[in-house]
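Here's the letter readout for the chains.
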Amino acid sequence: MPRFRWRVTRSARSPFSVRPGPAGTAPRLISSLNWKPTIPVNWQKPLCFLADCCANWLNTNCLESDLMTLFPAMLDLQDRLCLVVGGGTVACRKLQSLLAAGARVRLVAPDCRRPPVQGEFEWLRRCWRPEDLSPDVLLVVVATDNPQVNREIAETARRMNILVNAAAVGTRGNLQFPAVRRRGRLTLAVGTEGGSPALAGLVADLALQRFGPEWEFVAELVAALRRSALTAASGREYNQSFLRLLLDGGLAEMVARGRWNDVDQLLQTVCGGNCSLAALGLERPDGNP
Ligand SMILES: C[C@@]1(CC(=O)O)c2cc3[nH]c(cc4nc(cc5[nH]c(cc(n2)[C@H]1CCC(=O)O)[C@@](C)(CC(=O)O)[C@@H]5CCC(=O)O)C(CC(=O)O)=C4CCC(=O)O)c(CCC(=O)O)c3CC(=O)O
Ligand SMILES: NC(=O)C1=CN([C@@H]2O[C@H](COP(=O)(O)OP(=O)(O)OC[C@H]3O[C@@H](n4cnc5c(N)ncnc54)[C@H](O)[C@@H]3O)[C@@H](O)[C@H]2O)C=CC1
């Protein structure tokens, strides 16, 4: 069966409105659709009302996630205060990712089902209170199993310009966590704008298979190369052509197989005679100079 999908770019609007007619005449029905309605005058007001109701309903119930074009960004959360409300599996997963990012985390929940294996956090062992959203909170994860509480926290936080990660259905947030996999400094982050978080996880897993453990070293190497040989001033094309030559020359495979002499050889061929792992300040993982 074909599946209809609303394509609305901003908030949904009723396609109809009523404008007052000239003095003494009935109000006019204005349609923004390419359809000129011939509707009996006494139907016009109820029809507008109905269309408004539909638009409101769509706005609050269906279109929130479809409307968004989220801006993907990497946040520096080091020492920033993040609040996690709820202590279930979901909240604990988010707690763990925030701690891994170096955030200062405050958990507000009567229980904590899966305490993180690593990292320290503050735990207010009770239910959420409005004063928990102090102005020094940068972001709040809303993950209780109580929809009303979730909505209240999210609304209060948005009013205070605090970023809201709404983990639960029916709560409106403005920051979603993507599925993240890492190879050292190479971060693979996949999002589906709330469409299917499980798919995001699956695609991230596929990407991780494609970029195996050797990519951690590859990313280190090209970062060192960028600091020394490649430069921001040279622009993208210059940088990319170097990187292409290295990758097409089999850099990742050489690293994966520990062929460090070949890596040095490739660096010399592509980047010039003096370039080598040692010259870039990188230790060979096999310990040889
Ligand atoms: C909007 C968002 C807000 C946010 O939480 O940030 C959100 C919302 C919701 N998730 C729900 C369900 C599930 N979420 C997961 C898993 C993940 N969810 C994550 C992110 C996001 N989830 C954000 C959108 C991101 C995007 O779309 O790109 C990931 C990527 C990152 C992370 O959580 O850190 C992590 C992947 C972990 C990984 O593999 O890396 C699984 C699978 C599992 O648990 O294994 C399920 C069950 C299967 C399914 O439903 O798909 C429900 C329904 C709850 C209910 O039915 O009660 C809601 C609420 C709703 O849909 O309104
Ligand atoms: N975003 C995501 O990835 C996913 C989100 N969800 C949704 O996230 C929500 C939480 O899911 P789970 O962790 O599985 O729930 P859970 O039932 O395991 O835990 C709920 C937690 O909320 C706490 N809580 C309840 N009222 C509270 C209050 N007033 N103040 C502070 N804490 C309070 C409870 O003590 C408990 O620790 C649910 O709405 C669920 O549907 C579910 C799966 C994945």
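Scroll up to find the structure this text is about.
It should be emphasised that the depicted structure is a prediction, and the values quoted were computed from it without experimental measurement.

1. Examining the nonpolar core
Line of reasoning, step 1. One finds Leu221, Leu251, Val263, Leu267, Leu277 and Leu280 to be the most contacted residues of the largest nonpolar core, which totals 22 residues.
Line of reasoning, step 2. Contributing elements (two or more residues each) for this core: helix 6 (214-228), helix 7 (235-248), helix 8 (251-257) and helix 9 (260-271).
Line of reasoning, step 3. Among the elements that make up this core, the one with the highest residue count is helix 6 (six residues).
Line of reasoning, step 4. Once you skip the residues sitting within four places of it in the chain, Leu280 turns out to touch Leu221, Ala224, Leu225, Ser228, Leu267 and Cys275.

2. Description of helix 9
Line of reasoning, step 1. Here helix 9 contains 12 residues, and its C-alpha end-to-end distance of 16 Å stays within 8% of the 16 Å for a straight helix at 1.5 Å per residue.
Line of reasoning, step 2. Buried within helix 9 are the following residues: Trp260, Val263, Asp264, Leu266, Leu267 and Val270. In a view along the axis of helix 9, the buried residues occupy a sector of 160°, so they form one face of it. Relative to its buried face, helix 9 has exposed residues pointing more than 90 degrees away, namely Asn261 and Thr269.

3. As for the packing of aromatic side chains
Line of reasoning, step 1. Inspection of the entire model under this criterion finds two aromatic pairs.
Line of reasoning, step 2. Taking the centre distance of 4.9 Å and the plane angle of 85° together, the rings of Phe211 and Trp215 count as edge-to-face.
Line of reasoning, step 3. On the accessibility criterion, Phe211 (24% relative accessible area) is partly exposed.
Line of reasoning, step 4. Here Phe217 and Trp260 contribute two aromatic rings whose centre-to-centre distance is 5.1 Å and whose plane-to-plane angle is 65°, an arrangement assigned as edge-to-face. Of this pair, Phe217 sits in helix 6 while Trp260 is found in helix 9, placing the two residues 43 residues apart along the sequence. Here Phe217 matches Trp260 in class, with each residue buried.
Line of reasoning, step 5. Taking NZ or CZ as reference, Arg210 lies 4.6 Å from the ring centre of Phe211, over its face.

4. Describing the environment of Val270
Line of reasoning, step 1. Among the secondary structure elements, Val270 is positioned in helix 9.
Line of reasoning, step 2. The class for Val270 is buried, based on a relative accessible area of 17%.
Line of reasoning, step 3. A sequence separation of 21 residues divides Val270 from Gly249, and the C-alpha atoms of the two residues are 8.9 Å apart.
Line of reasoning, step 4. Ignoring sequence-local partners within four residues, the contact set of Val270 consists of Phe242, Leu245 and Leu246.

5. Section: helix 7
Line of reasoning, step 1. Look at helix 7: 20 Å from first C-alpha to last across 14 residues, which is about the 20 Å you get at 1.5 Å a residue.
Line of reasoning, step 2. All of the buried residues in helix 7 are Asn239, Phe242 and Leu246. For helix 7, the arc enclosing every buried residue in end-on projection is 65°, short of the 170-degree limit, so these residues lie on one face. More than 90 degrees from the buried face of helix 7, the exposed residues found are Arg236, Glu237, Arg244, Leu245 and Asp248.
Line of reasoning, step 3. On its buried face, helix 7 is in contact with helix 6, helix 8 and helix 9.

Cut-off values and rules
Residues numbered from 1 in each chain as written. Chains lettered and ligands numbered in written order. Predicted model: local features only at pLDDT ≥ 70, side-chain atom pairs only at ≥ 80, totals over all residues. Heavy atoms only, no water. Core = buried A, V, L, I, M, F, W, Y, C linked by side-chain atoms within 4.5 Å. Buried < 20%, exposed > 50% of the residue type's maximum accessible area, 1.4 Å probe, protein only. Helix = DSSP H or I, 4+ residues; strand = E, 2+ residues; numbered from the N terminus. Contact = heavy atoms within 4.5 Å. Expected span 1.5 Å × (residues − 1). Arc of directions from axis to C-beta. Phe/Tyr/Trp six-rings, centres within 6.5 Å; stacked < 30°, edge-to-face > 60°. Lys NZ or Arg CZ within 6 Å of the ring centre and 35° of its normal.

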